[in-house]
Amino acid sequence: MSSKGSASGTTADIKRALRVGVIGAGVMGSNHARVLAGLPGVVMVGVVDPLPEHRTRVTAFAGCRAFETLDDLLAEGVDAVTIAAPTHLHHEIALACIARKIHILVEKPVASTVEEGREIVTAARDAGVTLMVGHVERFNPAVAAIKQAISGEDILSIGITRVGPFPPRMSNVGVVIDLAVHDIDLIRWFTESDIVEVQPQLSSAVAEREDIALLQFRTASGVLAHINTNWLTPFKARSVTVATRGKYVMGDLLTRQVTECFGFKPDGSYSMRHLPVGHDEPLRAELIAFIDAVRGGKLPAVSGEEGVASLEIAIRCLESPARPAASTAHKGPRRVVG
């Protein structure tokens, strides 16, 4: 394959540098470009963005070329791209790249709708190209430590808090798609089970879309889980707790401290220890995993099917009506009888 084509998986292709581009030069896309430019065996071809100010910023930030259109980038020849454009553009961009046999990593959520996500998955499978979804939290070293700690355990419940201030960037989605979809993916990954019951409580306190979400789930394996997320907290907090029959694991995803309680005794005493946690940058680990999947023709760390499944649960949270209070509920003080 020439540098103008896409990766084909031959020995010569695997040994040569992989030509990669980034689509979208916002905050996430700029970081993609920065990381990819520093990876060995990767040629960072450039970044696409229609906005001149974004192209100027990414050129200075990542030291790479910037293009105005996708066709301009593809004309330079790329083997793989990461798609960090707005979600409503994922479907069109992904299909255009897949049609050219270009491997893709699509930032979460994989698409605007489940139907679009499934079309992307089908197209990638039919074309024989790698499709990975960018659920970067899986690559957080604290999350990896939690996953290892609960491996083989009988999980009973999971609680996740992901809160912070209203994002300065304008967004066409609320907290469920922007934030909670991370944790829906983590619940499915931790339990290795599908979510079968959804009980959402949503509120729009200051934003047009939901900015508070309290979400409850039950997995097919019987695990109860909940997510607390909002844009109303003046500081960022990211925490995970997992209760199993043998231990209780607590993780702070920002400080990357993971603590395990175990050895529970009848008198209420127990032992506690801090678990070792790595120091890798999650985005760098994610992009390395993508490059490795492309080079080796292996299954990606986060498949397109997994990305669609998490999106489907997130959309169910938005579509499921809140349960009304029982008709027998008293609206005023109870009258004392007798």
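Just so we're clear, the structure is a prediction, and the values are computed from it rather than from any experiment.

What counts and how
- Residues numbered from 1 in each chain as written.
- Predicted model: local features only at pLDDT ≥ 70, side-chain atom pairs only at ≥ 80, totals over all residues.
- Heavy atoms only, no water.
- Core = buried A, V, L, I, M, F, W, Y, C linked by side-chain atoms within 4.5 Å.
- Buried < 20%, exposed > 50% of the residue type's maximum accessible area, 1.4 Å probe, protein only.
- Helix = DSSP H or I, 4+ residues; strand = E, 2+ residues; numbered from the N terminus.
- Contact = heavy atoms within 4.5 Å.
- Phe/Tyr/Trp six-rings, centres within 6.5 Å; stacked < 30°, edge-to-face > 60°.
- Lys NZ or Arg CZ within 6 Å of the ring centre and 35° of its normal.
- Salt bridge = Lys/Arg side-chain N within 4 Å of Asp/Glu carboxyl O.
- Pairing = 2+ DSSP bridges.
- Axes fitted to C-alpha atoms, helices over the stretch in contact; angles between N-to-C directions.
- pLDDT = per-residue confidence, 0-100.
- Lys, Arg positive; Asp, Glu negative; His and termini not counted.
- Polar contact = N/O pair within 3.5 Å; in protein donor to acceptor, adjacent residues only side chain to side chain.

Core analysis: the largest hydrophobic core is formed by 96 residues, its most contacted members being Ile23, Val81, Ile83, Ile104, Ile158 and Phe217. Here this core gets 10 residues from one element, more than from any other, and that element is helix α8 (residues 175-191). When residues no more than four places from it in sequence are discounted, the contact partners of Ile83 are Ile23, His90, Ile93, Ala94, Ile104, Leu105, Val106 and Glu107.

The next thing to look at is the packing of aromatic side chains. All chains considered together, the criterion is met by three aromatic pairs. Summarising the aromatic geometry, the rings of Phe264 and Tyr270 are spaced 5.9 Å apart at their centres and angled 55 degrees between planes, so their arrangement reads as tilted. Across from the ring centre of Trp189, 4.9 Å away, lies the NZ or CZ of Lys147, which sits over that ring. Above the face of the Phe262 ring, Arg273 is positioned so that its terminal group lies 4.2 Å from the ring centre.

Enumeration according to the criterion identifies 17 salt bridges in this entry. Close ionic contact of Arg118 with Glu312 constitutes a salt bridge, the shortest N to O distance being 3.6 Å. Taken together, the positions of Arg118 in helix α6 (residues 114-127) and Glu312 in helix α10 (residues 304-319) put the pair 194 residues apart, joining distant regions of the chain. With its nearest N and O atoms 3.0 Å apart, the salt bridge here joins Asp194 to Arg188. Taking the relative accessible area as the measure of exposure, Arg188 reaches 14% and is therefore buried. Three or more residues are tied together by salt bridges with common partners; here these are Glu153, Lys247, Glu260 and Arg273.

What follows deals with the sheet that holds strand β14 (residues 271-274). Two modes of strand pairing occur in sheets, parallel and antiparallel, and in both the strands are linked by backbone hydrogen bonds. Taken in spatial order, the eight strands of this open sheet run β8-β9-β10-β7-β11-β12-β13-β14, and their pairing is mixed. Edge positions in the open sheet fall to β8 (195-203) and β14, since each of these has one partner strand only. Between one strand and the next, the sheet's axes are offset by a mean angle of 15 degrees, whatever the strand orientation. Bridging between strand β12 (residues 247-252) and strand β13 (residues 257-262) involves six bridges; their strand directions are antiparallel. Looking at the pairing, Gly251 lines up with Val258 of β13. Along the sheet face, helix α7 (residues 141-149) touches β11 (232-244), β12 and β13 and points at about 175 degrees away from the line of β12.

Across the protein chain, pLDDT averages 91, with 90% of residues at or above 70. Counting interchain partners and residues more than four positions distant, the pLDDT-below-50 stretch residues 1-14 has 28 contacts. Per-residue pLDDT stays below 50 along residues 324-338; that stretch engages in zero contacts with residues further than four places along the chain or on separate chains.

Let us look at the side chain of Arg55. Topologically, Arg55 is positioned in helix α3 (residues 52-62). Within the buried set, Arg55 has no salt-bridge partner at all; the shortest N-O distance to an opposite charge, 4.4 Å, is to Glu68. A polar side-chain atom of Arg55 sits 2.8 Å from the main-chain carbonyl oxygen of Asp49. Discounting residues that sit within four places of it in the chain, Arg55 has contacts with Asp49, Pro50, Ala66, Phe67 and Glu68.

Let's shift gears to the environment of His103. Considering the arrangement of structural elements, one finds His103 in strand β5 (residues 103-107). A relative accessible area of 7% means that His103 is categorised as buried. The spatial distance from the C-alpha of His103 to the C-alpha of Thr130 is 4.9 Å, given a sequence separation of 27 residues.

Moving on, we come to the sheet that holds strand β1 (residues 18-23). Taken together, six strands build an open sheet; the order of strands is β3-β2-β1-β4-β5-β6 and the sheet is parallel. The open sheet is flanked by β3 (66-67) and β6 (131-134), the only strands paired with a single partner. Of the strand pairs in this sheet, β1 and strand β4 (residues 80-83) are connected by four bridges, and their pairing is parallel. Paired with Val22 across the bridge in β4 is Thr82.

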